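# Per-entry structural report
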There are 2 protein chains.
Amino acid sequence: MFDFELLKEDKKSEARLGIIKTNHGSIDTPIFMPVGTQATVKAMTSRELKEINSQIILANTYHLYLRPGDELIKDAGGLHKFMNWDKPILTDSGGFQVFSLSDLREIKEEGVYFSSHLDGSKHFISPEKSMQIQKNLGSDIVMAFDECPPYPAEREYVENSLERTIRWAERCKKEMEKSNQALFGIIQGGVYPELRKRSVEEMKKIDFPGYSIGGLSVGEPKEEMYKMLKHTTPLLPTNKPRYLMGVGTPEDLIEGIYHGIDMFDCVMPTRIARHGQVFTSKGRITVRNAKYKDDFTPLDKNCDCHVCQNYSRGYIRHLIKRNEILGVRLTTYHNLYFMLNLAEEIRSSIRDDHFINFRYKFYQKYEI
Amino acid sequence: MFDFELLKEDKKSEARLGIIKTNHGSIDTPIFMPVGTQATVKAMTSRELKEINSQIILANTYHLYLRPGDELIKDAGGLHKFMNWDKPILTDSGGFQVFSLSDLREIKEEGVYFSSHLDGSKHFISPEKSMQIQKNLGSDIVMAFDECPPYPAEREYVENSLERTIRWAERCKKEMEKSNQALFGIIQGGVYPELRKRSVEEMKKIDFPGYSIGGLSVGEPKEEMYKMLKHTTPLLPTNKPRYLMGVGTPEDLIEGIYHGIDMFDCVMPTRIARHGQVFTSKGRITVRNAKYKDDFTPLDKNCDCHVCQNYSRGYIRHLIKRNEILGVRLTTYHNLYFMLNLAEEIRSSIRDDHFINFRYKFYQKYEI
């Protein structure tokens, strides 16, 4: 089961309010999805994820295929059961990771031959294989197997890659014909508006229950990304969810939503947490710095999360400096709460017709 | 405020049931105390510690004195506030760690001169200084500054050390005269029964609200430790709690209680957890081993803890192999629950007059 209901469109921007329904529950959009690469959102338990209102998480097909293996996860009863998460899961196709192995892979029409980054073992992933792996994982939302070209890339390269990605999308759809998992098509085209347009047109022809925008936030300037969004989202059907892959920061969330995006994911909140960095309503701070040594105020005075209600910057700084696991737990928990709460505040502002005002006020406080 | 009430003495062993009352709440004895060396029980939050019924935790004076510094913790409002733990805390004296720095320290009558194991900086800890640090930390139960001789050690060395430890105990008591923290005297004497006896006699003369037994579990054979306990605990006053420092395993808990001990602490449950080892009712297993790869049963089928109710061996093994923080979190949580639950079961068995039977049945299942 998969359904998207568009509840509201903002009058002063492309922002939208919606609800996605899946077999594992519903998701309010716009939404931020915490990333659980290895079948775990780093340092978090499922019940903590629920406590901070995570409605859906993402897992990585490439990593889980290699270890512990998708067959093992199938034997465990699927990814939900394996990792003790009974809400929706979205899986990527593995494509992004495979194409990142630049020297270790060879792209052919039939699929991609590559060597594992772990042990050099030989593997082959085709559109069909990616679907089979994702079937074994049993995620609610499945990504088509695409190529994500690097930035910068010549137009000719991007165009050829895009045409193959379109052919692969058809094969993915065929492979998932009888599945009750929802397959999203992926829009590529680099920073070339005409290619983005062609990608949308062809993906719409194949017809997917949702569309992902890939190939952004891969090194291009922010302005370029926003320009592409501004160009691309209006071409997409309004009655399908739109997912901006691998994005991003708090400001990216606001700008993406402004341009009509419904779903986001990024490792950034959890990754910077492990380096002792946290979001606050005034911007990012590096709490491991010496200046926070005897600062006994919360990470963010305006935050209602369990960490900010119970722990101080000075204590968290001490933990991070001592490489104590609890330090990373507390920064991770807070950063994810920050992103999920931001998404919730944005939804509320769209509901109440003051999203533009919310966006303006956010930037007044938040130093990028 | 500090009070110990002896509720019951077992008829068939030296086991006792009691209750300790402190300003931060009461503690049912016999009790196991999780260790929070750096003002954090590794990988655990305060609310998880409460969830598994931790009634008191231990923190290490030496580590906190060096970093972040006891003055900073005092400024934060004391250790309870700093680490967000509102139940009782016991601190050691720093002696054990200082004396472990064999090449970096010099023992004098006035105290110990030593170099930090971190940066080589010079320090001096005297009985008075140890008390002052522990006052800054604000723990509920404070340990006297003692020397813990290594094993093996010549009788003459142990005797001289013991006499100095007695003189130091008097100085500690004097320094704590006006404090509302409870100071425990420490029984030393190595594996020499007469020295243990002399230690008890002198410490009783000084008169403390509780007595710790130190210098055991430092490398001597288990039989030697149990022999010393059998010899020492009957010499101690029955109306004061007895704390066996740095001990131990599940079987040590049972044997210690059998010999009349009320309090235990050990890093072992949390340390082995970080190496992928867990306690089960059938003995210890190394869940990171390949044989558990596709074992989708809980760590311990007989365990009611959150981890065993929600996660499988196969999943935890996957996490540990991938160095995922969640793996260590789950094994740590389970191991501490195991120890605290064991203490609870033992208390219950003493209450119901079947401790000897409980002990017998435990060893029938549990492989050491």
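Higher on the page you've got the structure.
The following refers to the structure shown.

What counts, and at which threshold
Residues numbered from 1 in each chain as written. Chains lettered and ligands numbered in written order. Predicted model: local features only at pLDDT ≥ 70, side-chain atom pairs only at ≥ 80, totals over all residues. Heavy atoms only, no water. Contact = heavy atoms within 4.5 Å. Buried area = accessible area lost by both parts, 1.4 Å probe. Salt bridge = Lys/Arg side-chain N within 4 Å of Asp/Glu carboxyl O. Polar contact = N/O pair within 3.5 Å; in protein donor to acceptor, adjacent residues only side chain to side chain. Helix = DSSP H or I, 4+ residues; strand = E, 2+ residues; numbered from the N terminus. Nonpolar A, V, L, I, M, F, W, Y, C, P; charged D, E, K, R; others polar. 1 Å grid on protein atoms, 1.4 Å probe; cavity = no way out; pocket = protein on both sides within 12 Å on 5 of 7 lines; lining within 4 Å. Points joined across faces, edges and corners; volume = space filled by probe spheres on them. Buried < 20%, exposed > 50% of the residue type's maximum accessible area, 1.4 Å probe, protein only. Pairing = 2+ DSSP bridges. Axes fitted to C-alpha atoms, helices over the stretch in contact; angles between N-to-C directions. Lys, Arg positive; Asp, Glu negative; His and termini not counted. Least-squares fit on C-alpha atoms with pLDDT ≥ 70 in both. Parallel < 35°, antiparallel > 145°, perpendicular 65-115°, else oblique. Phe/Tyr/Trp six-rings, centres within 6.5 Å; stacked < 30°, edge-to-face > 60°. Lys NZ or Arg CZ within 6 Å of the ring centre and 35° of its normal.

### What to know about the interface of chain A and chain B
At the interface, 37 residues of chain A touch 37 residues of chain B. Interface of chain A and chain B: buried area, both sides summed, is about 3,400 Å²; carbon and sulfur atoms make up 56% of it. At the boundary of chain A with chain B, the tally comes to 6 salt bridges. As a salt-bridge pair, glutamate 324 of chain B and lysine 42 of chain A come within 2.5 Å of each other at their nearest N and O atoms. Where chain A packs against chain B, one counts 18 residue pairs in polar contact (both at pLDDT 80 or more). Taken together, the elements giving at least two residues each to the side of chain A that touches chain B come down to helix 1 (46-51), helix 3 (70-75), helix 4 (79-83), helix 12 (306-310), helix 13 (313-321) and helix 14 (325-351) of chain A. With 5 residues, the top contributor of residues to the side of chain A that touches chain B is helix 14 of chain A. Its residues assigned to classes, the side of chain A that touches chain B comprises 17 nonpolar, 9 polar and 11 charged.

### Concerning empty space enclosed by the protein
Tallied over the entire structure, the rule returns 5 cavities of 30 Å³ or more. The space that makes up the largest cavity amounts to roughly 80 Å³. Lining the largest cavity, in full, are Pro149, Pro150, Tyr151, Pro152, Ala153, Val158, Gly190, Val191, Tyr192, Gly215, Val218 and Glu220 of chain B. When its volume is computed, the second largest cavity comes out at roughly 60 Å³. Counting only elements with at least two residues in the lining of the second largest cavity, the list comes to helix 12 and helix 14 of chain A. At 3 residues, the largest contribution of residues to the lining of the second largest cavity is made by helix 14 of chain A. For the lining of the second largest cavity, the class distribution of residues is 5 nonpolar, 2 polar and 4 charged.

### Comments concerning the pattern of salt bridges
This model, assessed by the stated rule, comprises 48 salt bridges over all chains. Note that arginine 198 of chain B is salt-bridged to glutamate 202 of chain B, the shortest N-O span being 3.1 Å. Of the two residues, arginine 198 of chain B and glutamate 202 of chain B are both situated in helix 8 (residues 193-206); the distance of 4 residues between them amounts to about one turn of the helix. A relative accessible area of 13% places glutamate 202 of chain B in the buried class. Notably, a salt bridge pairs glutamate 344 of chain B with arginine 347 of chain B, separated by 2.8 Å at the nearest N-O pair. In this pair, glutamate 344 of chain B and arginine 347 of chain B both sit in helix 14 (residues 325-351), 3 residues apart, roughly one turn of the helix. Look at glutamate 344 of chain B and you get partly exposed, because its relative accessible area is 34%. Taking relative accessible area as the criterion, arginine 347 of chain B reaches 4% and is therefore assigned buried. Among the charged side chains, a network of salt bridges with common partners joins Glu48 and Arg329 of chain A together with Glu48 and Arg329 of chain B.

### Concerning the sheet that holds strand 8 (residues 112-115) of chain A
Residues and elements named next belong to chain A. Strand order in the open sheet formed by 3 strands is 7-8-9, with antiparallel pairing between adjacent strands. Each end of this open sheet is capped by a strand with a single partner; those strands are strand 7 (105-107) and strand 9 (122-125). Averaged over neighbouring strand pairs, the angle between their axes works out to 15 degrees when direction is ignored.

### A few points about helix 13 of chain A
In an α-helix, one turn spans 3.6 residues; hence positions three or four apart end up facing the same way. Residues and elements named next belong to chain A. For helix 13, the tally of buried residues reaches 8 of 9 residues, placing the bulk of the element in the interior. Looking only at helix 13, the buried set comprises Arg313, Gly314, Tyr315, Ile316, Arg317, His318, Leu319 and Ile320. Asparagine 323 lies just past helix 13 and shows a positive phi near 55 degrees.

### So, the environment of serine 161 of chain A
Along the chain, serine 161 of chain A turns up in helix 7 (residues 155-175). Residues serine 161 of chain A and alanine 182 of chain A, spaced 21 residues apart in sequence, show a C-alpha to C-alpha distance of 24 Å.

### Digging into unusual backbone geometry
Residue and element names in this part refer to chain A. Between arginine 67 and proline 68 the backbone carries a cis peptide bond, its omega angle lying at 5 degrees. Of note, proline 68 is situated in the loop between helix 2 (61-66) and helix 3. Cis peptide bonds are those with omega within 30 degrees of zero, and the linkage from tyrosine 151 to proline 152 qualifies with -5 degrees. Relative to the assigned elements, proline 152 resides in the loop between strand 10 (141-143) and helix 7.

### Concerning the side chain of glutamate 251 of chain A
Residues and elements named next belong to chain A. By secondary structure assignment, the location of glutamate 251 is in helix 10 (residues 250-258). For the buried glutamate 251, no salt bridge exists, and the shortest N-O distance to an oppositely charged side chain is 4.7 Å, to lysine 222. If sequence neighbours within four positions are ignored, glutamate 251 has contacts with Tyr226, Tyr363, Tyr366 and Ile368.

### Structural notes on the relation of the copies chain A and chain B
When chain A is fitted to chain B, the residual RMSD is 0.0 Å, and the transformation amounts to a turn of 180 degrees plus an axial shift of 0.0 Å. Both copies of the chain, as the preceding transformation shows, are related through a two-fold rotation axis. Within chain A, isoleucine 325 of chain A has its C-alpha nearest the rotation axis, a separation of 3.6 Å. Of all interface residues in chain A, 100% are interface residues in chain B too; the two copies therefore contact each other through one and the same surface.

### A short note on the sheet that holds strand 3 (residues 25-29) of chain B
Residue and element names in this part refer to chain B. Spatially, 3 strands are ordered 1-2-3 in an open sheet, and the strand pairing comes out antiparallel. In this open sheet, the two strands that pair with only one neighbour each are strand 1 (2-9) and strand 3. Each strand axis lies, on average, 15 degrees off the axis of its neighbour in the sheet, ignoring direction. Here strand 1 runs beside strand 2 (residues 16-22); their pairing, made up of 7 bridges, is antiparallel. Along strand 2, the bridge assignment pairs lysine 8 with leucine 17. Contacting strand 1, strand 2 and strand 3, helix 14 crosses the sheet at an angle of about 120 degrees to strand 2.

### A word on the packing of helix 14 of chain A against helix 15 (residues 355-365) of chain A
All names here are of chain A. Running from N to C, helix 14 and helix 15 cross one another at 140 degrees; their axes reach a closest spacing of 7 Å. Comparing their axes, helix 15 and helix 14 come out oblique. When helix 14 is examined against helix 15, the residues Leu342, Glu345, Ile346, Ser349 and Ile350 are found in contact with a partner set consisting of Phe355, Phe358 and Phe362. Within the contact of helix 14 with helix 15, the residues separate by chemical class into 6 nonpolar, 1 polar and 1 charged.

### Structural notes on the pairing of strand 9 of chain A
Burial along strand 9 of chain A is one-sided: His123 and Ile125 of chain A are buried, and none of Lys122 and Phe124 of chain A, which face the opposite way, are. Turn length for the strand 8 of chain A-strand 9 of chain A hairpin, with the two strands adjacent in sequence and antiparallel, is 6 residues, and the turn residue glycine 120 of chain A shows positive phi of about 75 degrees.

### What to know about the packing of aromatic side chains
Centre distance and the angle of the planes are the two values used to describe a pair of aromatic rings. All names here are of chain A. Following the criterion strictly, the structure yields 30 aromatic pairs over all chains and no others. Look at tyrosine 311 and tyrosine 315: their rings are 5.8 Å apart centre to centre, the planes differ by 15 degrees, and that puts the pair in the stacked class. Note on tyrosine 311: relative accessible area 3%, which makes it buried. Exposure remark for tyrosine 315: the relative accessible area of 0% places this residue in the buried category. Three or more aromatic residues joined by ring pairs make a cluster, and in this case those are Phe279, Phe338, Phe358, Phe362, Tyr363 and Tyr366. Sitting over the face of the ring of tyrosine 258, arginine 359 holds its NZ or CZ atom 3.7 Å from the ring centroid.

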